[in-house]
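As a plain string of letters, each chain reads:
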Amino acid sequence: MKKVILFFALIHLAMTGCHYSNNQEKSKEQEKMSVTDCTPLSNLPDDDSGHYMEIETISDKDLWLRVNPSSLHSELTRRLADAYNASVVMNNIMTDFDLQMRGFDLDDVVRAIKSINVTRVKDTEVQFKLKAYKEEMLYLLSIDTDSVDQNIHNPWKAYFDLYDYLSEKYNVSTFADFDEEQYWQKYNNCPSVPDWKQLREKRGDGSLVEDLRKKLQSASDFDARCIYAIELAHAYEADYDSWGEDFLNPAIPIMESVMKEKKYSLYLNELWQKWRVLYQDSKGASRDSEIPNRLYNDYRNICVCTILSYIEEHPHDIMAINECLVMSCKENILREGVFDYGNQAIVEKYYLFPEKYDKDKK
């Protein structure tokens, strides 16, 4: 899976300039940081049967990076924590605005957005930008949308203006020199999985399931476990008849257990993104389906805390820093967007599991 090297992963929701309606008429330390600092406050499900909610706002939930600030010993890790928390503000406000555009209770959305505390980000310049973004989104929730110039006052414009600012502020190049070619050379050639290229070429073959399960069970290297879990997810997608009656890809709980090991790997971001889109498959593709972004962010929090803990010990690993930034800011799954016939996880799955759609075309 190809990720950009800048602060933000490529957003597939190119929605700048979209017309919108706000639906008001429809509904009025520890001294040393360790991964144990990062245990989510909410209870993560141990299997695929547990989930948080049906529909809820998230700006009013504690989704901040779960690391004690006193355990951040360097300017590097403090900046990375700020990048994560700035993304919490940007993405969660947009997610709640998006929820309201589907007719969710306006008062609940306004209350949730008002409650988000931008001062959790320590950089004062970033704080100022986040405060302005929050105020603009609240303003847009208070007006008749037809009464303003939507080329100026538009939630997508506010979102992408902030996105552009944070992309520059936390560009990986502001941390150290980054060699993209070297990055992909290392990423695509994992020593503990020498046949990964061949496995990627075989995606869409459901007969690989048993072999991949055996390889995963016998793998002692964590990079290998991440890769085999990813490939198992692809194989199960091609072996739908083996799923049972719960419509849940059997790799999902396996991927969750790997993330909960709280060990560093360059492949955590790919693992998390693919897990998230498969989990959303089980919840539905409709714009009005349950989209448990809070659950998705809990697992993101685990992974980013794990990466940050590794960076504390390896501050010159620019590839890990890039991974931390890319994962920190990945957008939440939205309801509204470029895909008109369902939620935006469908767009994401198209990019993450292309073999399914290539097969359909053939």
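Residues numbered from 1 in each chain as written. Predicted model: local features only at pLDDT ≥ 70, side-chain atom pairs only at ≥ 80, totals over all residues. Heavy atoms only, no water.

1. Re the packing of aromatic side chains
Evaluation of the coordinates by the stated rule reveals 18 aromatic pairs. On the numbers, 5.4 Å between centres and 40° between planes, the contact of Phe178 with Tyr183 is tilted. The ring centre of Phe175 lies 4.1 Å from the NZ or CZ of Arg79, which sits over that ring. (Phe/Tyr/Trp six-rings, centres within 6.5 Å; stacked < 30°, edge-to-face > 60°. Lys NZ or Arg CZ within 6 Å of the ring centre and 35° of its normal.)

2. Overview of unusual backbone geometry
Residue Lys262 is not a glycine yet carries a positive backbone phi of 60°. Within the element layout of this structure, Lys262 appears in the loop between helix 9 (251–259) and helix 10 (268–283). (Helix = DSSP H or I, 4+ residues; strand = E, 2+ residues; numbered from the N terminus.)

3. Some details on the environment of Ile58
Inspection of the secondary structure puts Ile58 in the segment before helix 1 (75–101). Take Ile58: its relative accessible area is 2%, and that puts it in the buried class. Spatially, the C-alpha atoms of Ile58 and Thr95 are 7.6 Å apart, while their sequence positions differ by 37 residues. Those residues in contact with Ile58, other than ones at most four positions away along the chain, are Leu63, Asn92, Thr95, Asp96, Asn293, Arg294 and Asn332. (Buried < 20%, exposed > 50% of the residue type's maximum accessible area, 1.4 Å probe, protein only. Contact = heavy atoms within 4.5 Å.)

4. Here we look at the confidence of the model for the protein chain
The predicted coordinates should not be examined in detail at positions where pLDDT is low. Averaged over every residue, the pLDDT of the protein chain is 86; residues scoring 70 or more account for 84%. Here residues 1–37 is a poorly scored stretch, pLDDT under 50, and it has 141 contacts once near neighbours within four places are set aside; other chains count. A low-confidence stretch, residues 39–53 stays under pLDDT 50, and its non-local contacts, those more than four residues away or across chains, total 38 contacts. (pLDDT = per-residue confidence, 0-100.)

5. What about the nonpolar core?
One finds Leu80, Met94, Tyr133, Tyr267, Leu271 and Trp275 to be the most contacted residues of the largest nonpolar core, which totals 109 residues. If you tally residues by element for this core, the top one is helix 1, at 13 residues. Apart from residues no more than four positions distant in its own chain, Tyr133 is found in contact with Val89, Met90, Ile93, Met94, Ala158, Tyr159 and Leu162. (Core = buried A, V, L, I, M, F, W, Y, C linked by side-chain atoms within 4.5 Å.)

6. Observations regarding the packing of helix 8 (residues 222–237) against helix 10
Relative to each other, helix 8 and helix 10 sit at 30°, their axes nearing to 10 Å. The orientation of helix 8 relative to helix 10 falls into the category roughly parallel. The hand of the helix 8/helix 10 crossing is left-handed. Within the contact between the two elements, helix 8 uses Phe222, Cys226, Ala229, Ile230, Ala233, His234 and Glu237 and helix 10 uses Leu268, Glu270, Leu271, Lys274, Leu278 and Asp281. (Axes fitted to C-alpha atoms, helices over the stretch in contact; angles between N-to-C directions. Parallel < 35°, antiparallel > 145°, perpendicular 65-115°, else oblique. Left-handed = near helix turned anticlockwise from the far one by under 90°.)

7. Comments concerning the side chain of Asp96
Inspection of the secondary structure assignment puts Asp96 in helix 1. A polar side-chain atom of Asp96 sits 2.7 Å from a polar atom in the side chain of Ser59. Sequence-distant contacts of Asp96, defined by excluding residues within four places in its chain, comprise Glu56, Thr57, Ile58, Ser59, Val109, Ala112 and Ile113. (Polar contact = N/O pair within 3.5 Å; in protein donor to acceptor, adjacent residues only side chain to side chain.)

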